[in-house]
Amino acid sequence: MKYEQIPNSLFIKNRKKFMDRMQPKSIAVFNSNDIYPIGADSVLPFEQHRDIFYLSGADQEETILVLFPDAINKKHREILFVRETNEHIAIWEGEKLTKEKATEVSGIETICWLQDFDKIFFDLMTEAETIYFNTNEHYRQAVETQTREDRFIEKCKREYPAHKVAKSNPILQEIRGIKEPEEIDIMQTACNITEKGFRRLLGFVKPGVMEYEIEAELLHEFVRNKSKGFAYPPIIASGNNANVLHYLENNKPCNAGDLILMDTAAEYANYSSDLTRTIPVSGTFTKRQKEVYNAVLRVKDEATKMLVPGTLWAEYHKECGKLMTSELLGLGLLDKADVQNENPEWPAYKKYFMHGTSHHIGLNTHDYGALKTPMKANMVFTVEPGIYIPAEKMGIRLEDDVVIQEKGEPFNLMANIPIKADEIEELMNK
């Protein structure tokens, strides 16, 4: 891995939080992601399942974590199964986790080879009454592919039909949403790498540059700073392309006078950052562009102040809608009649700002985290309002990642990344 090894104290804490919430005489199992084929002998780059990484730090395929707090044998209360390595594998595929290295990474003393899983698991299941299955219940999930977890669940239901079943996901939603100090430090590193990429662009962008050239500049800067690359597919949207919320082609020229909306950020150690900035291709905003830009910035700044312990996510978004409505009235994009006659299910402001303002961020860009209960300290959220005006060939979004504090306003992990219009212009015209 490119990143510096994470202290295993983080994963020890994470496992304890999970196990403290398990039912008596219960066992929980977490599987790595598959390696996905794309044809012939080619595969997609491996991405570890974020749950097993969160609980073990093991960043390797074909790995299984078993947690059984009430196991009779103390050695069986935490077990990590890894693929057995040998000299042949080391030559062809590179270094894999040895038992000693797996303990060093995870803090788990009992490391077994994957080939022994079925035998050991059968023995443990004779003691357990309940098994926790790890299903994907994220509110935005739309996965059709059968995963390694799915196959494991099917097998368990066939082979152990008398066991009670529980869900890991509610526990993970609760504990993964509140970040440990070590996690916030890792996310700060991801944001710092993102900052380096963005500053690189400010001296690079000019009329005629291609969107994919901007993407290449970012990737260069991210990888040279120990990131695998983008935390999510990069959006480099110039001109009217910015009005396509998930524009991914990145294949058009950036024309003089246009704006470029760039929703791009680096990952680090499997943790995401999530940045959006909108800059002028020619290095200077027009009067109208700056009016709209500053309106978006004011909404972002005011919305950020509302991210405090006790805030309800749904109510927060309603308040953000009110902020945006006021700005759109000021810009002449809405009038009082639009607001008075609006459909409560689709308020008037949604014509120009149709997405949410914030989401959890962490090991996933749209991370796990409670959404129906009050916000808590050390939750990390994006703040990303936007105004999209196809008639003016303009789309502006601004986004930072912030950490909720016990008291006061959130801490902005991206505070050092330029955002004010005047500063953007100054840096672009150096």
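Just above, that's the structure.
Residue numbers here run from 1 along each chain, matching the order of that chain's written sequence. For this predicted model, a pLDDT threshold of at least 70 governs which residues receive local features, and a threshold of 80 or more governs which side-chain atom pairs are given and counted, while totals over whole chains, interfaces and linings are taken from all residues. As a rule here, side-chain values cover all heavy atoms of the structure and leave hydrogens and water aside.

What to know about the overall build of the protein
- Helix numbers and strand numbers start at the N terminus; a helix is a DSSP run of H or I with at least 4 residues, a strand a run of E with at least 2. A count of helical and extended segments in the protein gives 13 helices and 18 strands.
- Relative to the compact-globule value of 22 Å for 430 residues, the protein shows a C-alpha radius of gyration of 24 Å, a close match.
- For the protein, the spread of C-alpha atoms along the principal axes amounts to about 70 × 50 × 40 Å.
- Only protein chains enter the accessibility calculation, which uses a 1.4 Å probe; a residue is then buried when its area is under 20% of its type maximum, exposed when over 50%, and partly exposed in between. Burial analysis of the protein (430 residues in total) assigns 54% to the buried set.
- In this description, contact between two residues means that some pair of their heavy atoms is separated by no more than 4.5 Å. Across the protein, every contact between residues at least 6 apart in sequence was considered, and the portion connecting residues at least 24 apart equals 71%.
- As displayed, the protein has an accessible area near 20000 Å², and 52% of this comes from carbon and sulfur atoms. When we talk radius of gyration, it's over C-alpha atoms, and the globule rule is simply 2.2 Å times the number of residues to the 0.38. The Shrake-Rupley method, run with a 1.4 Å probe, gives the accessible areas here. Residue values count only the displayed protein chains as cover.

What about the sheet that holds strand S8 (residues 164–167)?
- A pair of strands is treated as paired once DSSP finds two or more bridges between them. Across the sheet, which stays open at both edges, the six strands sit in the order S6-S5-S4-S1-S7-S8 with mixed pairing between neighbours. The open sheet has two edge strands with one neighbour each: strand S6 (110–113) and S8. With strand direction ignored, the average angle separating the axes of adjacent strands in the sheet is 25 degrees.
- Across four bridges, the pairing between strand S5 (residues 78–82) and S6 is parallel. Across the sheet, the residue bridging to Leu 80 is Ile 111, located in S6.
- Along the sheet face, helix H4 (residues 99–106) touches S5 and S6 and points at about 135 degrees away from the line of S6. Fitted lines through C-alpha atoms give the axes, limited to the stretch in contact for helices. The angle between two N-to-C directions lies from 0 to 180 degrees.

Remarks on the packing of helix H1 (residues 9–19) against helix H8 (residues 181–202)
- Contact geometry for H1 and H8: axes closest at 9 Å, N-to-C directions at 125 degrees. Between H1 and H8, the angle is such that the two are oblique. Contacts from Ser 9, Leu 10 and Lys 13 of H1 reach H8 at Pro 181, Glu 182 and Glu 183.
- When residue character is reported, Ala, Val, Leu, Ile, Met, Phe, Trp, Tyr, Cys and Pro are called nonpolar, Asp, Glu, Lys and Arg charged, and the others, Gly included, polar. Looking at side-chain class alone, the contact of H1 with H8 contains two nonpolar, one polar and three charged residues. Angles below 35 degrees are treated as roughly parallel, those above 145 as roughly antiparallel, those between 65 and 115 as roughly perpendicular, and all remaining angles as oblique.

Observations regarding the nonpolar core
- To qualify as a nonpolar core, a set must consist of buried Ala, Val, Leu, Ile, Met, Phe, Trp, Tyr and Cys residues joined through side-chain atoms within 4.5 Å. Grouped together as the largest cluster of nonpolar side chains are 93 residues, with contacts concentrated most on Phe 18, Phe 30, Ile 214, Ile 260, Ile 279 and Ile 387.
- Here the element with the most residues in this core is H8; it accounts for nine residues.
- In this entry, domain limits derive from an automatic or database-based domain assignment. Each of two domains, domain 1 (8–175) and domain 2 (181–429), supplies a minimum of three residues to this core.
- Residues within four places of Ile 387 in sequence aside, it is in contact with Val 292, Ala 295, Val 296, Met 324, Leu 328, Leu 331, Leu 333, Tyr 352, Met 394, Gly 395 and Ile 396.
- Counting 21 residues, the second-largest nonpolar core is a separate cluster that includes Phe 81, Ile 120, Met 125 and Phe 152.

What to know about the pattern of salt bridges
- One side-chain nitrogen of Lys or Arg within 4 Å of one carboxyl oxygen of Asp or Glu is enough to make a salt bridge. With the rule as written, the count across this model stands at 38 salt bridges.
- The salt bridge involving Arg 83 is made with Glu 62; its shortest N-O contact spans 3.7 Å. Of this pair, Arg 83 sits in the loop between S5 and helix H3 (87–93) while Glu 62 sits in the loop between helix H2 (50–56) and strand S4 (64–67); the two residues are 21 residues apart in sequence, bridging distant segments of the chain.
- In this structure, the salt-bridge partner of Asp 367 is Arg 176, at a minimum N-O distance of 2.6 Å. With Asp 367 in the loop between helix H12 (336–340) and strand S14 (380–383) and Arg 176 in helix H7 (residues 169–176), this pair connects stretches of sequence that are 191 residues apart.
- The class of Asp 367 is buried, set by a relative accessible area of 3%.

Purely spatial values, then, with no claim about function.
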